[in-house]
Amino acid sequence: MFSTSFSRLFTLCSALASLSVGFAAPHARRAQVPTGPKFVIYTDSAIGDGTVLPPLEQIQGFNVVNLAFLLTTGPADQAANWAALPAAQRQQLKQQYNSAGVSLVVSAFGETEHPTSQDPATVANNLAQFVLNTDLDGIDIDYEEFELVVQQPGVGEAWLTTLTQTLRQQLPQGQFILSHAPVGPWFQPSFCPGGCYLTVDKNVGALIDWYNIQFYNQSPSPGYEDCNTLLNSAGGSSIFEIQKSGVDVNKLVIGKPGTTADITNGGFIDPATLGTCVQQAVAGGWNAGVMAFQFPHADVNWISAVKGSSFAA
C-alpha cells in the first residue's frame, strides 16, 4: 500500500516493549469485531497536535481504523505513534472508539517491507503480541512482495498461510480481527504461478475476516477506474469475477484511495461516482463494505458520498 510517510522514527524502548513476546495461551480479552459491512479507514500520515487517531467526528461512517504500519523491526508511522502513548491513554481511547462503534487495528508490512525471508510463525507471534500489548482489536496484513509471488511460485502463498494460522492461535477468531489487504490482480486466475490469494483463500480463507482489496495502483490495465472494471470485467479480478473463483463475495471490501495524492499508479474514482459503483454492487448481492487509504483525504464527507443510501442505517 502506498505510504506517504516512510518514517522509522519510533522510541526504541517502546518498540521493544510492544514486541516483547511471551507465547502463553491466547489472550482472554475480547476485542471489538464489527458485524455487517466493514468501512475501513487507514491512517499512516501523522495527524499532528499530539493526536494519533483520526477524530471521531471526522470519520463518522467508518467502523474500522487501520493504523499503519507495523514492521518486523517494530512499529513505524501511526503504529509507532499509537505504541508511544501511555497505556492508560491507549485504553481510554480504545474504550471511546469502541463505544462509538469503531474498531482499532494495526496494519502490518506495507510496500516498504518484504518479510518472506523471515520465519512466518515467529513473525506472526511478534505481530500478535504487539496487538495484545497495545490494546488493539486486531491486525491487517498488507503483504506486497510483488516480484516474489511471480518468480517463486508457492513461496509467498505458503508463508502467508503459516502466518495466518499462527496469528489465529494468538488472536482467536470472533475475539480479534484478522484482515488481509491484497491488490486486486492477486485474485486473478493464472496471474501468479502459485495462485496468489486464490490459494491463500483456499488454504486459510476461513480464518480471515475480510479482504481490504487494493483496487488501485494498477494502471493501465485493469485500472479499476470505472464501475465495470471494478465490479464485472477485469480479467478475473473484479468483485464478481473473484466471487466466481470461489471467494466469499461478502469478504471482498472495495479499497480505494482518498485522493490521487494517495496513489502512485491510477485507480482513483471520485466519491460520488464510486457511490454509484457501490450501489450497483449491492444490487448484485455484495455487501462487504469499503476501504479508504487514507485519512485525512478520506473522511466523513468521502464515506458519506460513497455509501449514499446503499447500506441500511
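On a predicted model such as this, the values are computed, not experimentally measured, just so you know.

Our next topic: the packing of helix α4 (residues 120–133) against helix α6 (residues 155–170). Viewed as axis vectors pointing N to C, α4 and α6 meet at an angle of 40°, and their least axial separation amounts to 8 Å. When the axes of α4 and α6 are compared, the pair comes out oblique. By crossing handedness, the relation of α4 to α6 is classed as right-handed. Contacts from Pro120, Ala121, Val123, Ala124, Asn125, Leu127, Ala128 and Leu132 in α4 reach Trp159, Thr162, Leu163, Thr166, Leu167 and Gln170 in α6. Of the residues belonging to the contact of α4 with α6, the class tally is 10 nonpolar, four polar and no charged.

Here the structure, examined in full by the defined rule, presents two disulfides. Between the sulfur of Cys227 and that of Cys277 lies a disulfide, 2.0 Å long from S to S. What sets the handedness of the Cys227 and Cys277 disulfide is the S-S torsion sign, and at about -85° it is left-handed. Taken together, the positions of Cys227 in helix α8 (residues 227–231) and Cys277 in helix α10 (residues 271–283) put the pair 50 residues apart, joining distant regions of the chain. The exposure class assigned to Cys277 is buried, which follows from its relative accessible area of 0%.

Take the nonpolar core next. Judged by nonpolar contacts, the single largest core of 98 residues is most densely connected at Leu127, Ile139, Ile141, Leu163, Leu167 and Trp286. Residue contacts for Ile139: discarding those within four places in its chain leaves Leu70, Val105, Val106, Ala108, Leu127, Val131, Leu167, Leu171, Ile177, Leu178 and Ser179.

Attention now moves to α6. Between its first and last C-alpha, α6 extends 23 Å over 16 residues, near the 22 Å set by a 1.5 Å rise per residue. Inspection of α6 places Gly156, Glu157, Trp159, Leu160, Thr161, Leu163, Thr164, Thr166, Leu167, Arg168 and Gln170 among the buried residues, and these make up the whole buried set. In the core, the buried residues of α6 are packed alongside β4 (103–109), α4, β5 (138–142), α5 (146–151), β6 (177–180) and α7 (196–204).

Summed over all chains, the structure comprises three salt bridges. For Asp137, the salt bridge goes to Lys94, with nearest N and O atoms at 2.4 Å. Separated by 43 residues along the polypeptide, Asp137 in the loop between α4 and β5 and Lys94 in helix α3 (residues 87–99) bring together distant segments of the chain. With relative accessibility at 11%, the residue Lys94 sits in the buried group. In this structure, Asp209 and Arg168 form a salt bridge, with 2.9 Å as the shortest nitrogen-oxygen distance. You can see Asp209 sitting in the loop between α7 and β7 (210–214) and its partner Arg168 sitting in helix α6, a full 41 residues away along the chain.

About the cut-offs
Residues numbered from 1 in each chain as written. Predicted model: local features only at pLDDT ≥ 70, side-chain atom pairs only at ≥ 80, totals over all residues. Heavy atoms only, no water. Axes fitted to C-alpha atoms, helices over the stretch in contact; angles between N-to-C directions. Helix = DSSP H or I, 4+ residues; strand = E, 2+ residues; numbered from the N terminus. Parallel < 35°, antiparallel > 145°, perpendicular 65-115°, else oblique. Left-handed = near helix turned anticlockwise from the far one by under 90°. Contact = heavy atoms within 4.5 Å. Nonpolar A, V, L, I, M, F, W, Y, C, P; charged D, E, K, R; others polar. Disulfide = S-S within 2.5 Å. Buried < 20%, exposed > 50% of the residue type's maximum accessible area, 1.4 Å probe, protein only. Core = buried A, V, L, I, M, F, W, Y, C linked by side-chain atoms within 4.5 Å. Expected span 1.5 Å × (residues − 1). Salt bridge = Lys/Arg side-chain N within 4 Å of Asp/Glu carboxyl O.

Shape descriptors only; they carry no functional weight alone.
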